Amino acid sequence: MHIVVTGGAGFIGANFVRRTVATRPDVRITVLDALTYAANEASLDEVRERIDFVKGSIADPAVVDEVVAGADAVVNFAADTHNDNSLSDPWPFVDTNIRGTAVLLDAVRRHDVRLHHISTDEVFGDLPLDAPERFTEDTPYRPSSPYSASKASSDHLVRAWVRSFDVRATISNCSNNYGPYQHVEKFIPRQITNILSGERPKLYGAGANVRDWIHVDDHNDAVWTILDRGEIGETYLIGADGERSNREVLRTLLEVMGRPADDFDVVPDRAGHDLRYAIDSSRLRRELGWQPTHADLDAGLRDTVEWYRRNRAWWEPGKAGVEAAYARRETAR
Ligand code: NAD
Ligand code: DAU
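Residues numbered from 1 in each chain as written. Chains lettered and ligands numbered in written order. Predicted model: local features only at pLDDT ≥ 70, side-chain atom pairs only at ≥ 80, totals over all residues. Heavy atoms only, no water.

### Here's the deal with the overall build of the chain
Then, number 1: Helix and strand content of the chain: 11 helices and 13 strands.
Then, number 2: The C-alpha radius of gyration of the chain comes to 19 Å, within 12% of the 20 Å expected for a compact globule of 333 residues.
Then, number 3: Referenced to the eigenvectors of the C-alpha coordinate spread, the extents of the chain come out at roughly 55 × 45 × 40 Å.
Then, number 4: Counting across all 333 residues of the chain, residues that qualify as buried make up 57%.
Then, number 5: Sequence-distant contacts in the chain: of pairs separated by 6 or more residues, those separated by 24 or more amount to 81%.
Then, number 6: Only carbon and sulfur atoms are counted for the fraction: they give 48% of the accessible area of the chain, which is about 14000 Å².
Then, number 7: When the 40 basic and 53 acidic side-chain charges of the chain are each reduced to a single mean position, those positions are 1 Å apart. (Helix = DSSP H or I, 4+ residues; strand = E, 2+ residues; numbered from the N terminus. Rg over C-alpha atoms; globule rule 2.2 N^0.38 Å. Buried < 20%, exposed > 50% of the residue type's maximum accessible area, 1.4 Å probe, protein only. Contact = heavy atoms within 4.5 Å. Areas by Shrake-Rupley, 256 points an atom, 1.4 Å probe, with all protein chains shown as cover. Lys, Arg positive; Asp, Glu negative; His and termini not counted. Charge placed at Lys NZ, Arg CZ, Asp CG, Glu CD.)

### Side note on the packing of helix H8 (residues 246-256) against helix H10 (residues 297-310)
Pairs of packed helices are described in terms of their axes, by the angle between the two and the distance that separates them.
Then, number 1: Contact geometry of H8 with H10 gives a least axis separation of 10 Å together with a crossing angle of 55°. The angle between the axes of H8 and H10 places the two elements in the oblique class. Relative to H10, the crossing made by H8 is right-handed. Residues Val249, Thr252, Leu253 and Val256 of H8 touch H10, and the partners they reach there are Asp298, Leu301, Arg302, Val305 and Arg309.
Then, number 2: By residue class, the composition of the contact of H8 with H10 is 5 nonpolar, 1 polar and 3 charged. (Axes fitted to C-alpha atoms, helices over the stretch in contact; angles between N-to-C directions. Parallel < 35°, antiparallel > 145°, perpendicular 65-115°, else oblique. Left-handed = near helix turned anticlockwise from the far one by under 90°. Nonpolar A, V, L, I, M, F, W, Y, C, P; charged D, E, K, R; others polar.)

### Some thoughts on the site of ligand 1
Then, number 1: Neighbouring ligand 1 are 28 residues, the closest being Ile12, Asp33, Thr81, Tyr147 and Lys151.
Then, number 2: In the model, an oxygen atom of ligand 1 is placed 2.9 Å from a nitrogen or oxygen of the Gly10 main chain.
Then, number 3: In this structure, an oxygen atom belonging to ligand 1 sits 3.2 Å away from a main-chain N or O atom of Phe77.
Then, number 4: Across the complex, the protein chains shield 96% of the 840 Å² of accessible surface that ligand 1 would expose by itself.
Then, number 5: Looking at the shell around ligand 1, the elements that each hand over two or more residues are helix H1 (11-23), strand E5 (114-120) and helix H5 (146-165).
Then, number 6: If one sorts the elements of the shell around ligand 1 by residue count, E5 sits on top with 3 residues. (Near = heavy atom within 4 Å. Polar contact = N/O pair within 3.5 Å; in protein donor to acceptor, adjacent residues only side chain to side chain.)

Honestly, it's all geometry; don't read function into it.
The following block contains the structure:
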């Protein structure tokens, strides 16, 4: 089997490539990645000999056509992914997440190649803080940010190409991932690397917002489950029952890293900040037999702290620039 992994130098894509190389030696992998600020080629160092790497954008029809021709499947991780960035400049999100997905769809249609499109639970908007309901495959789309609206658009494009042109595609919408190789702009790595750099963690507002955390390996195992057994044209929600408020996650990180419980700064809240995400993944579990294996979030967070401690060379070069951008945005608000 020959798969094209777009966005394979980013957080989830690189973990997917590494795990696939380790567990499926018969799969040939071509990574297509534009190497934006969010990529880190070092994430692929150990598997570089085992993959083909093409630097290029999913929004570039010529490159996409060449890479997709002859593949058996495309797994589309490529996206602009940070909500905060989408609030200051939405245009790269429109170009990559919407136009790029359309370019990919056009290519898989012409070459009759299977597509699995990676999406997010944020397309559904948010849920009330203290309520039992969770997102399901039937929840209406109600995205809040330019990022989530662009991902929602991409899902609609995939469904339109399936219905109108019989493209062989599946979609998954996953909750918040954590684990190794995540960019330091994101909540968990930002707080861990702040502490490791002698800075205080930064909590948006009261920290009451809830995210539904899943280990990146569980997400990627679910993606393979859908590639192996998913029904064409269908959507599967991926989640591991990991609901926790930001304040609770931060409390765990501070405890694990031996810092006092109040050793953080409260900073201005994100505009339009979604309150709560929660995934009901029973369809994926019932129909395709997937189960998460990282049930203990505290243990997962401890391992993640340990990974950032041991891999300073991976994150340190980009850290100051990310914090400078956050500081500029805070001053501008
Ligand atoms: P990331 O920001 O860490 O990596 C994105 C990768 O895509 C980078 O390597 C970047 O260079 C590449 N890229 C960006 N624009 C590109 C373009 N035009 N052409 C080719 N490559 C391009 O993102 P991530 O957190 O690994 O997310 C991967 C996918 O998973 C995204 O589609 C995202 O919406 C989705 N997702 C993420 C999460 C999460 O918690 N991180 C949860 C659910 C879904
Ligand atoms: O739900 C899936 C989504 O999860 C993915 O689609 C996105 O690509 C991914 O970035 C993530 O979006 P979030 O906005 O939830 O993740 P982020 O890491 O930016 O923030 C997590 C929570 O932490 C959110 O409520 C905002 C808060 N936060 C974030 C940062 C960076 C803070 O309190 N302080 C911070 O410094």
